[in-house]
Amino acid sequence: MVIAAGLMAAQHAAAQDRPVLDVYTYDSFVTEWGPGPAMEQAFESTCDCDLRFTAMGDGAALLARLELEGARTDADVVLGLDTNLMAEARETGLLSPSGVSGIDWTLPVDWQDDIFVPYDWGYFAFVHRTDFDAPENFRALAEGDASIVIQDPRSSTPGLGLLLWVKQAYGDEAPAIWESLSDNIVTVTPGWSEAYNLFLEGEADMVLSYTTSPAYHLIAEDDAGFAAARFEEGHYLQVEVAAAVASSDTPGLAQDFLSFLVSDAAQSILPTTNWMYPAVMPEAGLPDGFGTLIDPGKALLVPPEESPQATRKALSEWLAALGR
């Protein structure tokens, strides 16, 4: 009994001696069907550490939490920002260089950044069931009676992406588009998970999501009954990124995690757990179901450095239009 107790105490002490890496991310990343569990297992098998994910709502809420906590934050890494939030995140001064370089990216844009590490990407789209006659542009959506669920741009990266999608496509006409769309909106949710669940429960005809979302239903559920509506204006691009926090007490481990994030071990997990395109093509390529997805045609994107100003204008117009 004494020997057993001694062994247990030694094991407990060893576990306590393992460094902890705290990663702030968004809700869907850490669900049992998301990439979090597999990522944790794969990274811990190489790092002799304890990887701990903390969900912070959606991507925009994640940045707000980091700004609130400042240098006192427990986070070592933030995972789930995107190109629309990069400039604001950089301006906080809370992030440090990634140490990641020499990567053969498979992104639809050229990538040069010393802080932010892209790990996946996709195009926003309205997802619907295949028996629904979906509109082919925002004007048709606004003029029709299709019901939609969208996300709040103040807390959600898809919600912010939608704002900039409409603004990029319609410019000065964006406020009029939003006024016309106001009758179609069933509700505005804080994040993507809440919106998609409402859609699945039949609360709306369409939901703001990604062109890749139907791949989940096809591959994971063997259900070909979902599609993404292809809009004539083009589709807004999202590149999701991670970054190391400057105040981390394990900076080397944070950089190791960012390097792991773009390794084949991690990138091969993402297509069928986060249901996005990988930032680095896995050795095995993409799952077969990805070949059925729509081609967005034209890719829309506000340059990261212009995003804060574009966001302020688009958000002001959105709030004014929906408040009438």
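In what follows, the structure referred to is the one given above.
Quick caveat: nothing in here was measured; it's all calculated off a predicted structure.

## Examining the pairing of strand E3 (residues 77–82)
So, step 1. Counting buried residues in E3 gives 6 out of 6 residues, a clear majority hidden from the surface.
So, step 2. As judged from the 2 bridges shared by strand E1 (residues 20–25) and E3, these two strands associate in the parallel manner. Bridged to Tyr24 within E3 is Val78.
So, step 3. Where E3 meets strand E10 (residues 235–245), 5 bridges bridge the pair, whose relative direction is antiparallel. Paired with Asp82 across the strands is Glu240, a residue of E10.

## Concerning the environment of Glu306
So, step 1. In this fold, Glu306 is placed in the loop between strand E12 (299–300) and helix H12 (307–322).
So, step 2. Residue classification places Glu306 among the partly exposed positions, given a relative accessible area of 45%.
So, step 3. For the pair Glu306 and Leu218, spaced 88 residues apart in sequence, the C-alpha to C-alpha distance is 37 Å.

## Details of the pattern of salt bridges
So, step 1. As enumerated under the stated definition, the model contains 8 salt bridges in all.
So, step 2. With a shortest N-O distance of 2.6 Å, Asp22 and Arg52 are connected by a salt bridge. Here Asp22, found in strand E1, pairs with Arg52, found in strand E2 (residues 50–55); they are 30 residues apart in sequence, far enough to count as distant.
So, step 3. The salt bridge involving Arg154 is made with Asp152; its shortest N-O contact spans 2.9 Å.
So, step 4. The partly exposed category is assigned to Arg154, whose relative accessible area is 49%.

## Quick word on the nonpolar core
So, step 1. Among the nonpolar cores identified, the biggest contains 74 residues, and Phe116, Phe126, Phe138, Trp165 and Trp178 are the most heavily contacted of them.
So, step 2. Looking at which element gives the most residues to this core, the answer is helix H6 (residues 157–170), with 7 residues.
So, step 3. Core analysis: the next-biggest nonpolar cluster, separate from the first, contains 27 residues, Leu21, Leu51, Ala266 and Val280 among them.

## Focus on the packing of helix H2 (residues 36–47) against helix H10 (residues 251–261)
So, step 1. Two elements in contact, H2 and H10, have axes separated by 11 Å at closest approach and are oriented at 125°. Classified by the angle their axes make, H2 and H10 are oblique. Handedness of the crossing formed by H2 with H10: right-handed. On H10, the residues touching Met39, Ala42, Phe43 and Cys47 of H2 are Leu253, Asp256, Phe257, Phe260 and Leu261.
So, step 2. Residues belonging to the contact of H2 with H10 are distributed by class as follows: 8 nonpolar, no polar and 1 charged.

## A word on unusual backbone geometry
So, step 1. Of note in this structure, Asp48 is not a glycine but carries a positive phi near 50°.
So, step 2. Residue classification places Asp48 among the exposed positions, given a relative accessible area of 55%.
So, step 3. Here the phi dihedral of Trp275 falls at roughly 55°; this positive angle occurs in a residue that is not glycine.
So, step 4. Mapped onto the secondary structure, Trp275 falls in the loop between helix H11 (264–267) and strand E11 (277–278).

## Here's the deal with the packing of aromatic side chains
So, step 1. The final tally for this structure, using the stated rule, is 25 aromatic pairs.
So, step 2. An angle of 75° between the planes, with centres 4.8 Å apart, marks the rings of Phe138 and Trp165 as edge-to-face. Here Phe138 is found in helix H5 (residues 138–143), whereas its partner Trp165 is found in helix H6, with 27 residues between them in sequence. Each member of the pair, Phe138 together with Trp165, is buried.
So, step 3. Taking 5.3 Å as the distance between ring centres and 75° as the angle between the ring planes, the aromatic pair formed by Tyr216 and Trp275 counts as edge-to-face. Of this pair, Tyr216 sits in helix H9 (residues 213–220) while Trp275 sits in the loop between H11 and E11, placing them 59 residues apart in sequence.

Calculation criteria
- Residues numbered from 1 in each chain as written.
- Predicted model: local features only at pLDDT ≥ 70, side-chain atom pairs only at ≥ 80, totals over all residues.
- Heavy atoms only, no water.
- Buried < 20%, exposed > 50% of the residue type's maximum accessible area, 1.4 Å probe, protein only.
- Helix = DSSP H or I, 4+ residues; strand = E, 2+ residues; numbered from the N terminus.
- Pairing = 2+ DSSP bridges.
- Salt bridge = Lys/Arg side-chain N within 4 Å of Asp/Glu carboxyl O.
- Core = buried A, V, L, I, M, F, W, Y, C linked by side-chain atoms within 4.5 Å.
- Axes fitted to C-alpha atoms, helices over the stretch in contact; angles between N-to-C directions.
- Parallel < 35°, antiparallel > 145°, perpendicular 65-115°, else oblique.
- Left-handed = near helix turned anticlockwise from the far one by under 90°.
- Contact = heavy atoms within 4.5 Å.
- Nonpolar A, V, L, I, M, F, W, Y, C, P; charged D, E, K, R; others polar.
- Phe/Tyr/Trp six-rings, centres within 6.5 Å; stacked < 30°, edge-to-face > 60°.

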